[in-house]
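Structure at a glance
Here is how the chains run, residue by residue.
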Amino acid sequence: MPESTVFSAPAARPLILGSTSRYRRELLERLRHPFTTASPEVDETPRPGEAPHDLALRLALAKAQAVAALHPEAIVIGSDQVADLHGEPLGKPGTHERAVVQLQRMRGQTMVFHTAVAVVCQATGFAQCELAEVGVRFRDLSDAEIERYLRAEQPYDCAGSAKSEGLGIALLDAIHSDDPTALIGLPLIRTCRMVRAAGLVLP
């Protein structure tokens, strides 16, 4: 009797989040798919005259590619967010004093948060990048309101000096987005679409 041939399904590719951001890690955990994290070694300095949305796209792809180069068989997610005040990129404040200045400049203004996500698999040649734009209108905040908020939440590691998923929502008049988690740092609707296209099985 001839031996039967057993065909095994190809092993699922590992998923890696190319970021050490706890916000992005917590968002990706919502998908209930195992993943690891890796720190991308990427220079985030803007190029002269680079528009905020171009900066976000370039850095998201660069982060994914940097990690994919070390893990060629994996599906790698890279992401970057740039806060845009009338064409000027605003970074993470880092200190209380810088956060005060950022919020004073943003009060009564509408900003755009450009959140880019890239998915790369070096082994298959897969590479896609998408941008989610979120319009955020800030209330006309008083100096006292700004001070109370910053002392309470200390969002010094957040571009724009506010956490919409926390107390920072009280600073806002409106949020406009087609991908609700983009403002926190990772647009999950776009992420799901791209990792599925890369071969990952999700619900």
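Residues numbered from 1 in each chain as written. Predicted model: local features only at pLDDT ≥ 70, side-chain atom pairs only at ≥ 80, totals over all residues. Heavy atoms only, no water.

Looking now at helix α4 (residues 143-153). Every buried residue of α4 is accounted for by Ile146, Tyr149, Leu150 and Glu153. Projected down its long axis, α4 shows its buried positions confined to an angular sector of 95 degrees, all on one face. Exposed and oriented more than 90 degrees from the buried face of α4 are Arg148, Arg151 and Ala152. At its buried positions, α4 is contacted by α3 (96-106). (Buried < 20%, exposed > 50% of the residue type's maximum accessible area, 1.4 Å probe, protein only. Helix = DSSP H or I, 4+ residues; strand = E, 2+ residues; numbered from the N terminus. Arc of directions from axis to C-beta. Contact = heavy atoms within 4.5 Å.)

Quick look at helix α2 (residues 52-70) now. In this model α2 runs 28 Å from its N-terminal to its C-terminal C-alpha over 19 residues, within 8% of the 27 Å that 1.5 Å per residue would give. Where α2 is buried, its residues meet β1 (15-17), β3 (75-85), β4 (88-90), β5 (110-121) and β6 (126-138). (Expected span 1.5 Å × (residues − 1).)

Okay, the environment of Thr20 next. Structurally, the position occupied by Thr20 is in the loop between β1 and α1 (22-28). The exposed category is assigned to Thr20, whose relative accessible area is 61%. Sequence separation between Thr20 and Asp143 is 123 residues, and the spatial gap between their C-alpha atoms is 33 Å.

The next thing to look at is the side chain of Glu130. For Glu130, the location among the structural elements is in strand β6. Side-chain polar atoms of Glu130 contact the side chain of Arg193, separated by 2.7 Å. Each residue touching Glu130, except ones within four places of it in the same chain, is listed here: Leu57, Thr115, Ala116, Val117, Arg190, Arg193 and Met194. (Polar contact = N/O pair within 3.5 Å; in protein donor to acceptor, adjacent residues only side chain to side chain.)

To continue, consider the nonpolar core. In terms of nonpolar packing, the biggest core is built from 24 residues, with Leu103, Met111, Phe138, Leu150 and Leu171 touching the most fellow members. For this core, the secondary-structure elements that each account for two or more residues are β3, α3, β5, β6 and α4. Leave out the neighbours within four places in its chain, and Leu150 touches His96, Ala99, Val100, Leu103, Pro155, Tyr156 and Ser161. One finds Leu15, Leu17, Leu27 and Met194 within the second-largest nonpolar core, a separate group that totals 20 residues. (Core = buried A, V, L, I, M, F, W, Y, C linked by side-chain atoms within 4.5 Å.)

Further remarks concern the pattern of salt bridges. Opposite charge on two side chains allows them to pair when their charged atoms are near. Across all of its chains, the model carries 14 salt bridges by this definition. For Glu73, the salt bridge is made with Arg13, and the minimal N-O distance between the two is 2.7 Å. Linking Glu73 in the loop between α2 and β3 with Arg13 in the segment before β1, this pair joins segments that are 60 residues apart in sequence. Owing to a relative accessible area of 47%, Glu73 belongs among the partly exposed residues under this scheme. For the salt bridge of Arg25 with Glu29, the shortest nitrogen-to-oxygen distance reads 3.9 Å. Exposure remark for Arg25: the relative accessible area of 32% places this residue in the partly exposed category. When salt bridges that share partners are traced, they join Glu130, Asp178, Asp179, Arg190 and Arg193 into one network. (Salt bridge = Lys/Arg side-chain N within 4 Å of Asp/Glu carboxyl O.)

Residues at a pLDDT of 70 or more form 95% of the protein, whose mean pLDDT is 93. Ignoring residues within four places in sequence, the model shows residues 1-10, a span with pLDDT below 50, making 0 contacts including any to other chains. (pLDDT = per-residue confidence, 0-100.)

Two numbers describe a pair of packed helices, the interaxial angle and the distance between the axes. Contact geometry of α3 with α4 gives a least axis separation of 10 Å together with a crossing angle of 135 degrees. By the angle between their directions, the pair α3 and α4 is classed as oblique. Relative to α4, α3 is oriented so that their crossing is right-handed. Of the residues in α4, those touching α3 at His96, Ala99, Val100, Leu103 and Gln104 are Asp143, Ile146, Glu147, Tyr149, Leu150 and Arg151. Split by residue class, the contact of α3 with α4 holds 6 nonpolar, 2 polar and 3 charged. (Axes fitted to C-alpha atoms, helices over the stretch in contact; angles between N-to-C directions. Parallel < 35°, antiparallel > 145°, perpendicular 65-115°, else oblique. Left-handed = near helix turned anticlockwise from the far one by under 90°. Nonpolar A, V, L, I, M, F, W, Y, C, P; charged D, E, K, R; others polar.)

What follows is about the pairing of β3. Along any regular strand, the residues point their side chains to alternate faces of the sheet. In terms of burial, β3 is a largely internal element, 11 of the 11 residues being buried. What you see with β3 is no split at all: Ile75, Ile77, Ser79, Gln81, Ala83 and Leu85 on one side and Val76, Gly78, Asp80, Val82 and Asp84 on the other are buried throughout. Looking at chain direction, β3 and β5 are connected through 9 bridges and run antiparallel. Within β5, the position partnered with Val82 by the bridge is His114. Here 3 bridges tie β3 to β4, and the two strands are oriented antiparallel to one another. Opposite Leu85, over in β4, you have Glu88 as the bridge partner. Between β3 and β4, which pair antiparallel one after the other, the connecting turn spans 2 residues, and His86 there sits at a positive phi close to 55 degrees. (Pairing = 2+ DSSP bridges.)

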